[in-house]
Amino acid sequence: MQKHVFAFFCILSLITSSSSQTKQITSSAQLTSYVNPFIGTSKMGHTFPGATAPFGMVQLSPQTNFQPLFKDETYNAATYEYCAGYQHKDTTIIGFSHTNFSGTGHSDLGDFLIMPTTGALVLNPLPDKENNTGFYSSFSHDKETATPGYYKVQLDSHNITAELTASERVGFHQYTFPKTNNAHIILDLVYNIYNYDGKNVWTSIRVENDSTITGYRQTNGWARDRKVFFAMKFSKPFKSYGHKKYDQIKYNGFYRKFNEFENFPEMAGHNLRAFFNFDTEDSEKIQIKFALSSVSTAGALRNMETEIPHWDFDKTKKHTETKWEKELSKITVETITEADKTTFYTALYHTMLSPILYEDTDGQYRGLDQNIHSSDGFTNYTIFSLWDTYRALHPLFNLIQPERNNDMIKSMLSHHDQSVHNMLPIWSHYANENWCMIGYHATSVIADAMAKQVGDFNKEEALTAATNTANVDYFDGIGHYKQYNYIPEDQSGSSVSKTLEYAYNDWCIAQMAAQLQDENTKNTYLNRSTAYKNVFDSTTGFMRPKLSNGSFKKEFDPLDTHGQGFIEGNAWNYSLYVPHNIEDMIRLRGSKAEFSKHLDSLFTMTLDDKYIEKNEDITRDGIIGNYVHGNEPSHHVPYLYNWTDKPYKTQERVRHILSTMYGPTVEGLCGNDDAGQMSAWYIFSSLGFYPVLPGSPDYALGSPLVKAAEIHFENGNTLKIIAKRQSKNHIYVSKVKFNGKTISDFTLNHNDIVQGGELIFEMSKTPKN
């Protein structure tokens, strides 16, 4: 009898546990409540806390300081901290701008800064050299709130409560003023992120009536010819207005007839700040709708009327929150701790901040050729940080955003068609190619989509665009790469990194050609993809810069991240970058056992500060031994143990990185989020698998951090992930089953899992040898 009772309670316990697990995943709690937009706003994360819609064109966010790009005609390193305009350490706000990058390591944008003030009119944002005061305000994080699609802060210096929300193309401001006859709204067109004298090519404002403003700004920055148009509406008429121009006016024609600076409805110049004056009652709210367009002010007005035709701030806030809830609900998780859930959903949120929509509501957009185009059969996107995002962000989109990723690829193909170079984007934003970083990784994004059967883009045209890009001889050493089958360091810098990444890109092109049964192209690019062998130095065991005479560069330090033929990395990290032929990479080192020991050394050795001091993108915060997680080139490396006889070490490394390089605080990112790549790594790895080789349908298995998860695919299917006996100490995987079949090769196929089913990890406290 006791045995039967014991068995009954065991069964009841299992049922209760299973029921609790299902209830946790399908909980009615809003997933947006687990998002903390302040994660990554300290130090290197370079994220912003402001209001935005998923993939929205508007990122309406506070700017806490201004650091020019140059001081005394030299690079000002302090500007790097303000890639997103905000640092959590600051206690001042100088305004709220409508465009911001998320997590980048270089910057631009910061368009159309708005600041509400009271008292005597002040037009400098910060105290100047003459100690004149600024219009900035002090603030406290105790009076600051951010959730997806909403931001609120108390501007203590002006006794104003600022609230922000946004639709895709429109920022919605709500400012609660005290009683005063000296209330002002400042529109600052001088302010730029990464600003320098001369960045503004031209700015223009028109006062259409007593509550409607239109205008545009053209800048020459990271994007060298960027135009943004706007329309701005106030909820009440202003009583007066004016502007100050910060230009040396050499010729003003017959505009000298007018007093242009007070109540004159045209304002134009390189640098200007406008102001709009109001009387306010106590607790009176002044609202502003601010719409963007890449096309025209008419397009901005149309975007405003289409997306927010009303003045109901809470309605817009709720609508955007609902959009975020829908996107976050594509993955539901049960986690070991509530803190893990915050880290997870904030990471998922960060993956949906870019690329951004880049077209008006009628489908018109400014193209790379600076002409106006209409998207036909797709939605146009911009901000393609491809050196970062091909690794995990776009593969994540193939899981949970395939329709958007299809549109993004079509946007890349349109970029190619509009390019005078006949090239796919390298790193592009706002109808400009900025040429940042290396490789031609749009090929990876396209090949990955093709391998995973995502999208209806024209694959023949995509292959042509890829081969065109790979044969622009004057771009970043491609001509030398084709001539020597490697890039000589004395011909083009960062030569080893370029050789390795071009070889991988060429493998991607070969996969595209193979799918289209183009044997000649496949064979050509498979041959090019072996170029990594030509920079491997068997005497040192590292990839090493080679000169045009065929000899290796004599001055070589495999630990140094500067001047050694690598970009944002060193030979220890980049020598592990042959994702398309890992078996051969291991063979070059001798054996699986030797390779495993090499990986052990990478994670456990000491890297002296002198080796990273000249690289602002690599800091101690993101380093484990000599493994750099705070930057992208090594993100696949923890998974390489799967190709040795020690796959349990992948499980160790992955769980260690998940627990030490990420967290639920403002310092919860160990490096730049890089347009969502760092966060995408966290999402994949938390779920238990990672795309080591984009362009292949396979994922490498790791060690999940979640207790359970469900991925809801756009095709209507669901993948359930269960980690049995999961805990902080149970980091090892003793067995994996997919739909009842044991996986023995540590590989998961994308085209299988999107059909739905159950992926079960059996977790253990001890490794399985």
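Relevant structure appears above.
First, a word on what this report is: a plain description of the structure on this page.

Calculation notes
For every chain, the first residue of its written sequence is number 1, and the numbers climb from 1 along that sequence. Selection of residues for local features in this predicted model requires a pLDDT of at least 70, selection of side-chain atom pairs for listing and counting requires 80 or more, and totals for whole chains, interfaces and linings are taken over all residues. No hydrogens and no water enter the side-chain calculation; it runs on all heavy atoms of the structure. At least two bridges found by DSSP between two strands is the condition for calling them paired. A run of DSSP states H or I qualifies as a helix once it reaches four residues; a run of E qualifies as a strand once it reaches two. Both are numbered from the N-terminal end. The buried label goes to any residue with under 20% of its type's maximum accessible area, the exposed label to any with over 50%, and the partly exposed label to all in between, with areas taken from a 1.4 Å probe on protein chains only. It only takes one pair of heavy atoms within 4.5 Å for two residues to be counted as in contact. Note on terminology: a nonpolar core comprises buried Ala, Val, Leu, Ile, Met, Phe, Trp, Tyr and Cys residues joined through side-chain atoms within 4.5 Å.

### Focus: the pairing of strand β14 (residues 200-207)
Alright, step 1. Across seven bridges, β14 lies against strand β15 (residues 212-219) in antiparallel orientation. Across the sheet, Asn200 pairs through a bridge with Thr219, a residue of β15.
Alright, step 2. Linking β14 to β15, which pair antiparallel, is a turn of four residues.
Alright, step 3. Bridge analysis of β14 against strand β18 (residues 266-269) gives four bridges, and the strand direction is antiparallel. Its bridge partner lying in β18, Thr203 is registered against Gly269.

### What about the side chain of Lys452?
Alright, step 1. Here Lys452 lies in the loop between α8 (442-451) and α9 (459-469).
Alright, step 2. Judged by relative accessible area, Lys452 falls into the buried class, the value being 3%.
Alright, step 3. Non-local contacts of Lys452, meaning those with residues more than four positions away in its chain, are made with Pro395, Asn398, Ser696, Pro697, Tyr699, His750 and Asn751.

### Regarding the nonpolar core
Alright, step 1. Counting residues in each nonpolar core, the largest one holds 212 residues, and the members touching the most others are Leu187 and Phe689.
Alright, step 2. Per-element accounting of this core gives the leading share, 11 residues, to helix α11 (residues 495-515).
Alright, step 3. Listed in part, the nine residues of the second largest apolar core include Ala231, Ala300, Met304 and Phe313.

### What to know about α8
Alright, step 1. Counted residue by residue, α8 has 10 buried out of 10 residues, so it is predominantly covered.
Alright, step 2. Listed in full, the buried residues belonging to α8 are Ala442, Thr443, Ser444, Val445, Ile446, Ala447, Asp448, Ala449, Met450 and Ala451.
Alright, step 3. Tucked into the core, α8 has its buried residues touching α5 (386-389), α6 (393-400), α7 (402-418), α9, α11 and α18 (750-753).
Alright, step 4. Two residues or fewer past α8, Gln453 is found with a positive phi of approximately 60°.

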